[in-house]
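# Fold and geometry: a report
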Amino acid sequence: MKTLIKNGTVVTASDSIIADVLIDDEKVIALGANLPGEGANVIDARGKFILPGGIDVHTHLELVMMGTVSSDDFYSGHRAAAFGGTTSHIDFACQYKDESLKQALDNWHAKLQGKPVIDYGFHITITDPTDAVIDEIPNMIDEGITTIKLLLAYKGRLQVDDTAMFKIMQKAAAHGMLTMIHAENGDAIQILIDQSVAANRLSPVDHVLTRPHWAEAEATLRAISLAAMADAPVYIVHMTCQSSVEQLMYARSRGLKAMGETCPHYLFFNLDHLRRPDGAKWVCSPPFRTESDNEFLWKSLAQNNLQVVGTDHCPFFLDGTKEIQYEDKRIKIAGKELGKDNFTLIPNGVPGIEDRMPILWSFGVGRGIISMNRFVELCCTNPAKIFGMYPRKGTVAVGSDADVVIWNPNLKKTVSVTNTHQRTDYNLYEGMELIGLPEKVFVRGNMIVDGEKWLGKAGQGKFLKRAAGAAVI
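To start, this report covers the structure provided alongside it. Predicted model only: the values in this text are computed from it and were never measured.

So, about the sheet that holds strand β10 (residues 119-125). The strand order across the open sheet built from eight strands is β6-β9-β10-β11-β12-β13-β14-β15, with neighbouring strands paired in parallel fashion. Looking at which strands have only one partner, the edges of the open sheet turn out to be β6 (54-59) and β15 (308-309). Pairing analysis gives five bridges linking strand β11 (residues 147-151) to strand β12 (residues 178-182), with the strands arranged parallel. In the sheet register, Lys149 faces β12, and the bridge partner there is Met180.

In structure tokens form, the structure reads like this:
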């Protein structure tokens, strides 16, 4: 059945126009004034905005880490994403020791069986970069995987060295693929961690103190420099601070093919949060910095010095010894209590897949820091362009997938763990007042959120097979 959304303001990265949107067979088939509604389900969006569905290109669902697993799976994470206005995401298929890339990808596909609600894709994370694995990189294009992630941190577990990074960048660039970098100097960080442990400095704030901002800045510039030598595009994930973003700005001012992402939590929180009694909930990597860095990141978003807002959604229970109720099930998963006496044992990660767009709207658009169009650019259009999904995703246009969010600028909500849809026992933004929220959410024309009503069904999400040669913006 057709759906006609009438009288709303369609907001894209470039325009805001009052128009009707006609949807049929999972696509937007018409935009214009006074479109006929015969045979269609008609929705009046007067006084509301019609946005493209959000795209979160940085998530970690069902990620095994440090003796446990991230608490959102590929159903609960998708459900939470949808309530926050996100209709597509890209997760990371992680290759482990002695695995081929194909084996790693198959393992991640298996995790999703029967679960997806929104559309999804994968990056491939390489942690064991043998020559055979590097030679396998071009084969990923046939699998719809066009992005490679490398970590320059987590020495002895996930970290790759400069030799592997450079070879992988060369191979990826030769085939129109993008290399993504977790930029922290893992060698220096490991020395600082060892020294902190030896001195019995084991509190959550020591997690921040052993991962200084210069470790991020150095690794950022090193990765960009190697990418320049390889003539390769590079994308720096979860940037946290002025010193690292300035390296990106330097590179972009000289025409290098470098792009960067930050996450909402780096706009709000700082190392003092880790000094609180519940400091473990704030442990993630890279860590929170300072209020000055928060402000610099906001300015960077406004001035196009960062290109994407992702979430790095990787939630762990604060107290995994207790059950929580999720839908009709009781859930108990070990969490951050694993490191109650030692920060090195705290699972690294925070929730945010549902919060990203409402938080950025209320505190970015609402405070006049960014426009509605820039909001769409950061959350929807740039992710689609950079990661090979545009114009199928990331915009409201004739021929695009009907991933549409009716956004009500007058809806209000006080953030609370009691009204989150993430499968967690806390919310970072607890008590914050939001104005402007998703009201109805469609994935390929199928309404899956209607106010607080959940209409989505496990298994309806589709795999996004992406093309190489995506834009560098």
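Below, the discussion takes up the packing of helix α10 (residues 356-365) against helix α11 (residues 372-386). Viewed as axis vectors pointing N to C, α10 and α11 meet at an angle of 150°, and their least axial separation amounts to 11 Å. The angle between α10 and α11 places the two elements in the roughly antiparallel class. As for how α10 packs across α11, the hand of that crossing is right-handed. Here α10 contributes Arg356, Met357, Leu360, Trp361 and Val365 to the contact with α11, which in turn contributes Met372, Phe375, Cys379 and Cys380. Residues that form the contact of α10 with α11 fall into these classes: eight nonpolar, no polar and one charged.

This part takes up the side chain of Asp312. Relative to the elements of secondary structure, Asp312 occurs in the loop between β15 and β16 (324-326). Lys149 provides the closest opposite charge to the buried, unpaired Asp312, separated from it by 5.7 Å. Of note is the side chain of Asp312, whose polar atom sits 3.2 Å from the side chain of His60.

Moving on, we come to the pairing of strand β1 (residues 2-11). Each regular strand carries side chains that alternate between the two faces of the sheet. In terms of residue burial, β1 counts as a mostly covered element, since eight of its ten residues are buried. Of the pairings in the sheet, the one linking β1 to strand β4 (residues 40-44) comprises five bridges and is parallel in character. Note that in β4 the partner of Lys6 across the bridge is Asp44. Sheet analysis places β1 next to strand β2 (residues 16-24), joined by seven bridges and oriented antiparallel.

Moving on to the nonpolar core. Ranked by size, the top nonpolar core spans 111 residues in total, and within it Ile181 and Phe375 carry the most contacts. Setting aside residues up to four positions removed in sequence, Phe375 forms contacts with Leu51, Met357, Leu360, Trp361, Val365, Ile370 and Trp407. In terms of nonpolar packing, the next biggest core, distinct from the first, is built from 15 residues, Met180, Val237, Met259 and Ala384 among them.

In this structure the tally under the stated criterion is 32 salt bridges. A salt bridge links Asp187 to Lys155; the shortest N-O distance between them is 2.7 Å. Residue Asp187 is located in helix α5 (residues 186-198), and its partner Lys155 is located in the loop between β11 and α4 (162-174); the two are separated by 32 residues in the primary sequence. Under the relative-accessibility criterion, Lys155 is labelled partly exposed at 43%. Taken together, the salt bridges that share partners define one network made up of Glu26, Lys27, Asp119, Arg392, Lys393, Asp401, Asp403, Arg444 and Lys462.

Attention shifts here to the packing of aromatic side chains. The tally for this structure, following the rule as stated, stands at 20 aromatic pairs. Look at Tyr75 and Trp454: their rings are 6.5 Å apart centre to centre, the planes differ by 70°, and that puts the pair in the edge-to-face class. Taken together, the residues span a long stretch of sequence, with Tyr75 in the loop between β8 (68-69) and α1 (76-83) and Trp454 in strand β21 (residues 453-454) at a distance of 379 residues. Pair check on accessibility: Tyr75 and Trp454 agree, each one buried. Between the aromatic rings of Phe268 and Trp298, the centroid separation amounts to 5.9 Å while the plane-to-plane angle is 80°, which identifies the pairing as edge-to-face. In this pair, Phe268 is assigned in the loop between β14 (258-262) and α9 (291-302) and Trp298 in helix α9, connecting sequence segments 30 residues apart. Each member of the pair Phe268 and Trp298 is classed as buried.

Conventions adopted
- Residues numbered from 1 in each chain as written.
- Predicted model: local features only at pLDDT ≥ 70, side-chain atom pairs only at ≥ 80, totals over all residues.
- Heavy atoms only, no water.
- Pairing = 2+ DSSP bridges.
- Helix = DSSP H or I, 4+ residues; strand = E, 2+ residues; numbered from the N terminus.
- Axes fitted to C-alpha atoms, helices over the stretch in contact; angles between N-to-C directions.
- Parallel < 35°, antiparallel > 145°, perpendicular 65-115°, else oblique.
- Left-handed = near helix turned anticlockwise from the far one by under 90°.
- Contact = heavy atoms within 4.5 Å.
- Nonpolar A, V, L, I, M, F, W, Y, C, P; charged D, E, K, R; others polar.
- Buried < 20%, exposed > 50% of the residue type's maximum accessible area, 1.4 Å probe, protein only.
- Lys, Arg positive; Asp, Glu negative; His and termini not counted.
- Salt bridge = Lys/Arg side-chain N within 4 Å of Asp/Glu carboxyl O.
- Polar contact = N/O pair within 3.5 Å; in protein donor to acceptor, adjacent residues only side chain to side chain.
- Core = buried A, V, L, I, M, F, W, Y, C linked by side-chain atoms within 4.5 Å.
- Phe/Tyr/Trp six-rings, centres within 6.5 Å; stacked < 30°, edge-to-face > 60°.

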